[in-house]
Amino acid sequence: MSALIELDNLTKDYGSFRALDHLSLEIGDGITGLLGPNGAGKTTLIKVLLGLVSGTSGNGRVLGYDIERQSREIRARVGYMPEDDCYMHGLSGIECLQVAAQLSGFPATEALRRGHEILDFCGMGQERYRNVETFSTGMRQKLRFGMSIVHDPALLILDEPTSGLDPEERESMLNRIRLLARQIGKAVIVCTHILPDVQVVCDDVVILAGGQVTVCQELDELQKSPDPSLTVRIHGSIDRFLECLRRSQVRAEPLSDQSVCAWGTEESVSPLLWQAAVQSDVAIRSVSPSRTSLEDVFLKAVRKPPHADS
Amino acid sequence: MPIHSLGYREWSGPLESTSSRWTVIAGIGIRRAWQNMWLRRIMFFAGVPGVVMGFLIFGYERAAEGGNSAAFMFSNLLQVFIQGPNHEAIIGGIMSPEIHQNLHEQRHLFWSSLLLTLYQRSQAMMLIPVVGMIAPPLISQDMRSRAFLLYFSRPISRVQYVLGKAATVVLYLLLISFLPGILLYLTGVLLSPDISIVLHTWDIPLRIVVVSLVMIIPTTALALMLSSLTTESRFASFAWFSVWIFGVFSYWVIASFSGSISDRSPLEMLSLYHVIYEVQGWLLDVNQETVVDPGPRLALLVMLTLVSLAILFRRVSAPMRV
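Residues numbered from 1 in each chain as written. Chains lettered and ligands numbered in written order. Predicted model: local features only at pLDDT ≥ 70, side-chain atom pairs only at ≥ 80, totals over all residues.

Draft legend 1. Representation of the overall build of chain B. Tallying secondary structure elements over chain B gives 14 helices and zero strands in all. Moving toward the C terminus, one meets the helices and strands of chain B in the order α-α-α-α-α-α-α-α-α-α-α-α-α-α. Burial analysis of chain B (322 residues in total) assigns 40% to the buried set. For chain B, long-range pairs separated by at least 24 residues make up 77% of all intrachain contacts whose partners lie at least 6 apart in sequence. (Helix = DSSP H or I, 4+ residues; strand = E, 2+ residues; numbered from the N terminus. Buried ≥ 20, exposed ≤ 12 C-beta atoms within 10 Å, placed from the backbone. Contact = placed C-beta atoms within 7 Å.)

Pasting the structure below:
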């Protein structure tokens, strides 16, 4: 994994308040979820990455460019979708995209053509000709997403991309993010509080708390349980099934009327599960490794002191 | 999905220079301002005073050739446009038997006085409502709609942003200050009996440029600064008009209690309108008897511009700091 973002000991103070505290981080290709409680320093980190504010100490590089000295080169290659409900007053949707593209250096005609293309991609129809003040929250969200990708950036930073969207639009937005990352090869950072979104689209997760990185890991690795277990869904008597498992020295607990948690690795427990099923005359519907929920990981990460593992 | 949708395509065309990005911001402001019907009306009539006054130059040249009776008729007409010591000097000159000996000098004074009248009477009166319509929403609405993040997440600097906003105001002010001044000069040249007049008035176009800048730069900086102080453009408009109305009112009150010109109080500099007018008079080389020392007034305009710009940049940077 090549690092697109490298931060080394980065600190940012606002007066006496320390927003980023000696933060070191590497983010590579794919989709990375940036999580953290309110005030954890996510927005400050994004502003520092874009060169909108300077760090107090430390250094970093984005796409190989220095965040202090080459912020304009960075902003030319990074697409940023702000969380705030911001818009360019008095312009229509298509004009907003045209202006965004022109500010990134596109010639006027090309910017207009590209704007239409991107709005088609974002699923915005004739409403693109309406003034942005008349747009709904969801339409403005799509518009901001369009503005962030209109200049074909190599790295996308999306701050709460699905907030304010209805379930159908949310699904469409996540599909677009997935498409950009998987098929076009864009690196994407998704900053959100909606953990199911992270679970659905992200490859890696970075969790910030108190201006420090508490977790920076692949999502799959993160969700692996430290104590391996299997979740078994059955059809039949759960009591007989549990009794047979216990007779086979398998530690098992009921999760619901139709599911059981059995501790042990898949290789060691699977044969015993099938044996118990035959003995107790139940049907096994599915067997899957138990995973720690992202919510548990998040809560654990924001509660533990930073760098506790190290 | 439209039938012609191409999905997402990568883009690899040539990009335009970074130094011209401010023109995009200026373009937005200019287009939006032009949607105001009243602004379009003012712009349509902005050049008219220059052309009308141009015909006075024609009258002046006729009067200079036509003797005392023509000069007498012209002097009455001229009194409508130029008053005070300049009027007396011009009329005295034109009715003098030695008019042909110092005609070039007299002509220069007349043209400059006419320009000063143009700037003081009509163009300054247009400037106040024009800037009051254009400038207040320029930055305040960006602050209100938080458009800063959309602008500054692009490869542009704060200087380019401010330059783009300022260019919007400057363009319209050029149309009501520089353009009518030049129109007046060109009309005068075209209606003059001899093209050699250009040789004797060559400095006037340069003075028009400087005089226009004296009018444009401080007012633009002040108007943008006021716009950046609030998220409500109506408050910025109110502050803008207050500056002028309060200033002129103060000038009248203080001037009514003052005696001669030398007794004038520095408090008269509260009126931006009169400060600009007196500096313009000095730059056009007229009003020599009435104008007070232009130094403090020039310093005031420079100070006003610098302070306004300092506040403006601080306000524009503020949303990024939190």
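Draft legend 2. Summary view of the domain arrangement of chain A. You can read the domains of chain A as domain 1 (3–223) and domain 2 (229–289). The C-alpha-based centres of domain 1 of chain A and domain 2 of chain A are spaced at 45 Å. (Domains from an automatic or database assignment.)

Draft legend 3. Local environment of the pairing of strand β2 (residues 17–28) of chain A. Residue and element names in this part refer to chain A. For strand β1 (residues 3–14) and β2, the ladder comprises eight bridges, and the chain directions are antiparallel. Residue pairing for β2: Tyr14 is matched across the bridge by Phe17. With antiparallel pairing between neighbouring strands as the criterion, β1 and β2 make up a hairpin whose turn holds two residues, including Gly15 at a positive phi of roughly 65°. (Pairing = 2+ DSSP bridges.)

Draft legend 4. Structural context of the sheet that holds strand β7 (residues 155–159) of chain A. All names here are of chain A. Judged by pairing direction, the sheet is mixed, and its six strands sit side by side in the order β6-β7-β8-β3-β9-β10 without closing on themselves. Each edge of the open sheet is held by one strand with a lone partner, namely β6 (78–81) and β10 (212–218). Each strand axis lies, on average, 15° off the axis of its neighbour in the sheet, ignoring direction. As paired elements, β6 and β7 share four bridges and run parallel to each other. Bridge assignment links Tyr80 to a residue of β7, and that residue is Ile157. Where helix α6 (residues 167–184) meets the sheet, its contacts fall on β3 (31–35), β7 and β8 (187–191), and the angle it forms with β8 comes to roughly 150°. (Axes fitted to C-alpha atoms, helices over the stretch in contact; angles between N-to-C directions.)

Draft legend 5. Seen up close, the nonpolar core. If you look at the biggest cluster of nonpolar residues, it comprises 154 residues, and the most contacted ones within it are Ile177, Val188 and Val190 of chain A. With 14 residues, the single largest contributor to this core is helix α5 (residues 103–134) of chain B. Contact partners of Val190 of chain A, with chain neighbours within four places excluded, come to Ile31, Gly33, Leu34, Leu158, Pro161, Ile177, Asp197, Val198, Val201 and Cys202 of chain A. Formed by 16 residues, the second largest nonpolar core is a distinct cluster that contains Leu230, Ile234, Leu245 and Ala277 of chain A. (Core = buried A, V, L, I, M, F, W, Y, C linked by C-beta atoms within 7 Å.)

Draft legend 6. Representation of the environment of Pro155 of chain B in the model. Mapped onto the fold, Pro155 of chain B is located in the loop between α7 (148–152) and α8 (158–176). Through-space distance from the C-alpha of Pro155 of chain B to that of Gln141 of chain B is 21 Å; in sequence the pair is 14 residues apart. Among all residues touching Pro155 of chain B, those that are not within four sequence positions of it are Arg72, Arg75, Ala76 and Ser104 of chain A together with Thr18 of chain B.

Draft legend 7. Up close: unusual backbone geometry. Residues and elements named next belong to chain A. A positive phi angle, near 50°, is found at Glu160, a position not held by glycine. Along the chain, the position of Glu160 falls in the loop between β7 and α6. The backbone of Gln249 sits at a positive phi, close to 65°, despite the residue not being glycine. Mapping Gln249 onto the fold places it in the loop between α9 (238–247) and β12 (252–256).

Draft legend 8. Structural context of the interface of chain B and chain A. Counting from both sides, the interface comprises 32 residues of chain B and, opposite them, 35 residues of chain A. Taken together, the elements giving at least two residues each to the side of chain B that touches chain A come down to α1 (22–34), α6 (136–144), α7 and α14 (294–321) of chain B. Here the side of chain B that touches chain A gets four residues from one element, more than from any other, and that element is α7 of chain B. Across the side of chain B that touches chain A, the residue classes break down as 16 nonpolar, seven polar and nine charged. (Nonpolar A, V, L, I, M, F, W, Y, C, P; charged D, E, K, R; others polar.)

Draft legend 9. A look at the sheet that holds β2 of chain A. Residue and element names in this part refer to chain A. Overall, antiparallel pairing links the four strands, which are arranged β2-β1-β4-β5 in an open sheet. At either margin of the open sheet sits one strand with a lone partner, and together these are β2 and β5 (65–66). When β1 meets strand β4 (residues 57–62), the two strands line up antiparallel, connected through five bridges. From the neighbouring strand, Leu7 faces β4, where its bridge partner is Gly60.

Draft legend 10. Spatial organisation of the packing of helix α3 (residues 93–103) of chain A against helix α5 (residues 137–149) of chain A. Residues and elements named next belong to chain A. Contact pair α3 / α5: the axes reach a minimum separation of 9 Å and the direction vectors enclose 25°. One element, α3, and the other, α5, form an angle in the roughly parallel class. For the pair α3 and α5, the crossing hand works out as right-handed. Along the contact surface, α3 presents Gly93, Cys96, Leu97 and Ala100, while α5 presents Leu143, Gly146 and Met147. Split into classes, the residues belonging to the contact of α3 with α5 amount to five nonpolar, two polar and no charged. (Parallel < 35°, antiparallel > 145°, perpendicular 65-115°, else oblique. Left-handed = near helix turned anticlockwise from the far one by under 90°.)

Draft legend 11. A look at the confidence of the model for chain B. Residues and elements named next belong to chain B. With 80% of its residues at a pLDDT of 70 or more, chain B shows a mean pLDDT of 82. Within chain B, the lowest mean pLDDT, 60, falls on helix α4 (residues 85–95), and the highest, 94, falls on α8. The ipTM assigned to the predicted complex is 0.79, against a pTM of 0.83. (pLDDT = per-residue confidence, 0-100.)

Draft legend 12. Quick look at the environment of Arg144 of chain B. Residue and element names in this part refer to chain B. Its place among the elements puts Arg144 in helix α6. According to the C-beta neighbour criterion, Arg144 is partly exposed, with 15 such atoms within 10 Å. The spacing of Arg144 and Gln280 is 136 residues in sequence and 37 Å in space, taken between C-alpha atoms.

Draft legend 13. Highlighting the environment of Leu34 of chain A. Residues and elements named next belong to chain A. Looking at where Leu34 falls in the secondary structure, it is placed in strand β3. According to the C-beta neighbour criterion, Leu34 is buried, with 24 such atoms within 10 Å. Through-space distance from the C-alpha of Leu34 to that of Ile157 is 9.7 Å; in sequence the pair is 123 residues apart. Setting aside residues no more than four positions away along its own chain, Leu34 makes contact with Lys42, Ile189, Val190, Cys191 and Val206.

Draft legend 14. Structural view of the packing of α8 of chain B against helix α11 (residues 203–228) of chain B. Residue and element names in this part refer to chain B. Closest axis-to-axis distance for the α8/α11 pair is 10 Å, and the angle between their directions is 140°. Taken together, the axes of α8 and α11 lie oblique to each other. Crossing handedness for the pair α8 and α11: right-handed. Contact residues: α8 offers Lys165, Ala166, Val169, Val170, Leu173 and Leu174, while α11 offers Ser212, Met215, Ile216, Thr220, Ala223 and Leu224. Tallied by class, the residues present in the contact of α8 with α11 amount to nine nonpolar, two polar and one charged.

Draft legend 15. Representation of α6 of chain B. The element α6 of chain B is largely enclosed, with a buried count of seven among its nine residues. Taken together, the buried positions of α6 of chain B are Pro136, Pro137, Leu138, Ile139, Ser140, Asp142 and Met143 of chain B.

Draft legend 16. Structural context of the confidence of the model for chain A. Overall, the prediction assigns chain A a mean pLDDT of 87, with 97% of residues at 70 or greater. Predicted confidence in chain A is weakest over helix α11 (residues 294–303) of chain A, with a mean pLDDT of 77, and strongest over α3 of chain A, with 94.

Draft legend 17. Region of the structure containing the pairing of strand β11 (residues 229–235) of chain A. Residues and elements named next belong to chain A. Sheet topology places β11 next to strand β13 (residues 259–263); five bridges connect them, and they run antiparallel. Each bridged residue has a counterpart across the sheet, and for Ser229 the counterpart in β13 is Trp263. Pairing analysis gives six bridges linking β11 to strand β14 (residues 283–289), with the strands arranged antiparallel. Following the sheet pairing, Leu230 is matched in β14 by Pro289.

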